[in-house]
Amino acid sequence: LWLGGMGFLVKREYFRPRAQLLAEAAARVGPGASYYTLSMGGGPIGYSTSTLDTTPAGVTLQSNTTLDIQALGNAQRVGMTLVVNLTRALHLISFDAQLNSEAAKFKASGRVDGDTVLNVEIDAGGTRSSRQRIPLARPLVLAEMVSLRLAVGGNLQPGKTYTLRTFDPMLMQEREIAIAVLAESSYVVADSARFDSTAQRWVAVRWDTTRVFKVSQTYNGVSAESWIDEQGGIISATTESGFSMEKTAFELAVENWRIARDRGEGTAAGAGSDIISTTAIAANVQLHPDALRRLQVRLGNVRLSGFDLSGGRQRLSGDTLTIARERGFGEGPPGERPSAFDAPLPLVGTGDSDVAAALQSEALVQSDDPRIQAQARQIVGRERHAGRVAELLTRWVYATLEKKITVSVPSAAQVLESRSGDCNEHTVLYVALARAAGLPARTAAGVVYLRGRFYYHAWPEVWLGQWVAVDPTFGQFPADAAHLRFTVGGLARQMELIRLIGRLQLTVVHSE
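## With respect to the confidence of the model for the protein
Of all residues in the protein, 89% attain a pLDDT of 70 or more, and the chain-wide mean is 86. Confidence, read as mean pLDDT per element, is least for helix H2 (residues 18-26) in the protein (49) and greatest for helix H9 (residues 423-436) (97). Within the model, pLDDT remains below 50 along residues 13-22, and this stretch shows 13 contacts once partners closer than five positions in the same chain are excluded.

And the structure:
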């Protein structure tokens, strides 16, 4: 009996369910607020606040971020808010995420139902919200909670590595993150500040020394490093693209930012952070895209697996990508055109699941929205031939939308209303209009050549018996051969391009 009792006590103390251990550890985490200066390109671009609150039932995390993002010399202010409710074991109960910019507003809300289903509602400017039910194989963990989960789970041990599946509420998908605890050290953080009347800004006057752990997080080949304290709070973090956040006093993070804004200084200190210029790739030769029919490019310094490099106009052989522009668009006999160019809409009987999916309405591609459908009918008129409809849509989107760099989660319904945007807005509106007209269309993304450099870009592909690239941003039908496609699909797939930024090397080996 004595041995049995001891065995029961050992099991209860040392072999308890992990959820119970996490709940007990999280109960020891106190409420608090943290403030961060956000920087890129050597200067500040914004600030972020993070508030952690505990209740008898769980944990609530709220973060608010303000960024001034520079693109081709223009700064756009973007605000992001995330409110997350968690169980004591740090599993997701519900979330509310919002992104607001000059161009658009995006809101996503979700609630877990019985640990088996996530009910999501997305408001992206359509006549009605989009609702989804996502089956769950396990409790959800948000990426924002990784550091807290490591700390309360007792996993901040140098030399240890972990793999954790997290959920991104903006992209609506799970992703697997590789985590490595690299080192233990101490970190000095500004704790309080005073106002310097001479400099007319706040300066630090007191500092705290904190025990911290260096943690690396890697997703799909992209790494970020952070210093985390014993309570799971982020002290400092940097990414490979040059973005960084630093914990500091409220006045240094928020008030100094407001002072700079009121002075009209904006992001002058971060002048090297222009997201268009700094991510462009210099070309080794001068090209003439309008006359370009065939292009061969060697891709270097990146892992090519997982990208949509082959298919349609593109062929990958080793590390060399060949792009051949489609022929027969009004410049040759009908026999040279893609097989469905002259076919009547709607196209049926393709038997291809990808083509069928390219006719469906989505949360951000609201092809079933009455306004989208009415606009598609007005553009197309009585034309029913697939190729001609694709061309009419290309010309209309190109002529109608104001060319303007935009920071947003692009939504076809909002773009139709605003009539402005960059390549993402042009593409999402085109895809929605094409689907509304019965023409299968999808989003492609990669790089495009323009005046001596390759820039990251998005454009549509339409099904005309084969996938044909068009570009309503540049008014090209079909798109020139200097469009190098890396991904096919929506926002989640386009995010894969992040692992190319700052790494991809392009060498033009042949052009015709």
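Structure shown, so let's carry the discussion forward.
## Quick look at the pairing of strand E6 (residues 105-113)
Summarising the sheet, strand E5 (residues 92-101) and E6 pair through seven bridges and their orientation is antiparallel. Counted as the bridge partner of Leu99 is Phe106 from E6. Hairpin connection from E5 to E6: three residues lie between these consecutive antiparallel strands. Sheet topology places E6 next to strand E7 (residues 117-123); seven bridges connect them, and they run antiparallel. Looking at the pairing, Lys107 lines up with Asp123 of E7.

## Side note on the packing of aromatic side chains
Counting across every chain of the model gives seven aromatic pairs. Centroid distance Phe195 to Trp202: 5.6 Å. Interplanar angle 70°. Geometry classified as edge-to-face. The partly exposed category is assigned to Phe195, whose relative accessible area is 35%. Taken together, a centroid distance of 5.4 Å and an interplanar angle of 90° make the contact between Phe307 and Phe486 edge-to-face. Placement of Phe307 in the loop between strand E16 (294-300) and strand E17 (314-317) and of Phe486 in strand E24 (residues 483-488) is noted, with a sequence separation of 179 residues between them. Each member of the pair, Phe307 as well as Phe486, carries the same accessibility label: buried.

Each value, and the rule that gives it
Here the residue numbering is sequential within each chain, running from 1 through the sequence in written order. With pLDDT at 70 or above as the cut-off, local features in this predicted model cover only qualifying residues; side-chain atom pairs require 80 or more to be listed or tallied, and sums for whole chains, interfaces and linings still use all residues. The side-chain figures draw on all heavy atoms in the structure; neither hydrogens nor water molecules are used. The pLDDT score gives, residue by residue, the confidence of the prediction method on a 0 to 100 scale. A run of DSSP states H or I qualifies as a helix once it reaches four residues; a run of E qualifies as a strand once it reaches two. Both are numbered from the N-terminal end. Residue contacts are defined here by distance: any two heavy atoms, one from each residue, within 4.5 Å place the two residues in contact. Two strands qualify as a pair provided that DSSP identifies no fewer than 2 bridges between them. To pair, rings of Phe, Tyr and Trp, with the six-membered ring standing in for Trp, must have centres within 6.5 Å; the planes then decide the type, stacked if under 30 degrees apart, edge-to-face if over 60, and tilted in the middle. Buried residues are those whose accessible area, probed at 1.4 Å on protein chains only, stays under 20% of the maximum for their type, while exposed residues exceed 50% and partly exposed ones sit between those limits.

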